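Fold and geometry: a report
So the chains spell out like this:
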Amino acid sequence: QVQLVESGGGLVQPGGSLRLSCAASGSIFSFKIMGWYRQAPGKERELVATITAGGSANYADSVMGRFTISRDNAKNTVYLQMNSLKSEDTAVYYCAGALGTAVIWGQGTQVTVSS
């Protein structure tokens, strides 16, 4: 079973940047699409960005122009570069991938944007 492990979260000041990584235990070619989601306290999990096996990316309106999703197939890793961070970006960020009919989730990494 392929596993996804996120890293790169932490505490950052408003306006700062972070890069999240999602490392797969197997080949990410197996995933038709991969994405980043986030869940803030008291809120439902929401989609942040997705990227297809072919490299096409889509973003939530709230992060458009600030976040960039990318993938390194050689390293079996998907990244989320987050710039111009705002307090409302504070959440647990999860990586997910569609594997056949199943969705594989990572364990999440906390991102806190605060001065």
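The preceding data block contains the structure.
Report on the accompanying structure. None of these values were measured; they are calculated from a predicted model.

This paragraph deals with the state of the cysteines. Per the counting criterion, the structure on display carries one disulfide. Across the disulfide, Cys-22 is cross-linked to Cys-95 (sulfur-sulfur distance 2.0 Å). Between Cys-22 and Cys-95, the S-S torsion sits near -75°, and that sign places the bridge as left-handed. Linking Cys-22 in strand β3 (residues 18-24) with Cys-95 in strand β9 (residues 91-99), this pair joins segments that are 73 residues apart in sequence. Each member of the pair, Cys-22 as well as Cys-95, carries the same accessibility label: buried.

Here we come to the sheet that holds strand β7 (residues 67-72). The antiparallel open sheet is built from four strands, whose spatial order is β1-β3-β8-β7. Each having just a single partner strand, β1 (4-7) and β7 make up the two edges of the open sheet. Each neighbouring strand pair of the sheet contributes to a mean axis angle of 15°, computed without reference to strand direction.

Ranked by internal contacts, the top residues of the largest apolar core, which has 28 residues, are Met-34, Trp-36, Leu-80, Met-82 and Tyr-93. Listing elements by their share of this core, those giving two or more residues are β3, β4 (33-39), β5 (46-52), β7, β8 (77-82), β9 and β11 (109-113). Among the elements that make up this core, the one with the highest residue count is β3 (four residues). Setting aside residues no more than four positions away along its own chain, Tyr-93 makes contact with Glu-6, Leu-20, Trp-36, Tyr-37, Arg-38, Val-48, Phe-67, Leu-80, Met-82, Gly-108, Thr-109 and Val-111.

Moving on, we get to the pattern of salt bridges. Per the counting criterion, the structure on display carries three salt bridges. A salt bridge links Arg-38 to Glu-46; its shortest N-O distance comes to 2.6 Å. Take Arg-38: its relative accessible area is 5%, and that puts it in the buried class. Glu-46 sits in the partly exposed class, given a relative accessible area of 34%. Between Asp-89 and Arg-66 there is a salt bridge whose closest N-O contact spans 2.8 Å.

The tally for this structure, following the rule as stated, stands at two aromatic pairs. Between the aromatic rings of Tyr-94 and Trp-105, the centroid separation amounts to 6.4 Å while the plane-to-plane angle is 85°, which identifies the pairing as edge-to-face. Here Tyr-94 is found in strand β9, whereas its partner Trp-105 is found in strand β10 (residues 102-105), with 11 residues between them in sequence. Its relative accessible area of 36% is what places Trp-105 among the partly exposed residues. By way of ring pairs, the aromatic residues Tyr-37, Tyr-94 and Trp-105 are connected into one cluster. Sitting above the plane of the Tyr-94 ring, Arg-45 keeps its charged end 3.8 Å from the centroid.

Cut-offs applied
- Residues numbered from 1 in each chain as written.
- Predicted model: local features only at pLDDT ≥ 70, side-chain atom pairs only at ≥ 80, totals over all residues.
- Heavy atoms only, no water.
- Disulfide = S-S within 2.5 Å.
- Helix = DSSP H or I, 4+ residues; strand = E, 2+ residues; numbered from the N terminus.
- Buried < 20%, exposed > 50% of the residue type's maximum accessible area, 1.4 Å probe, protein only.
- Pairing = 2+ DSSP bridges.
- Axes fitted to C-alpha atoms, helices over the stretch in contact; angles between N-to-C directions.
- Core = buried A, V, L, I, M, F, W, Y, C linked by side-chain atoms within 4.5 Å.
- Contact = heavy atoms within 4.5 Å.
- Salt bridge = Lys/Arg side-chain N within 4 Å of Asp/Glu carboxyl O.
- Phe/Tyr/Trp six-rings, centres within 6.5 Å; stacked < 30°, edge-to-face > 60°.
- Lys NZ or Arg CZ within 6 Å of the ring centre and 35° of its normal.

The quantities given are spatial measurements derived from coordinates; they are silent on function.
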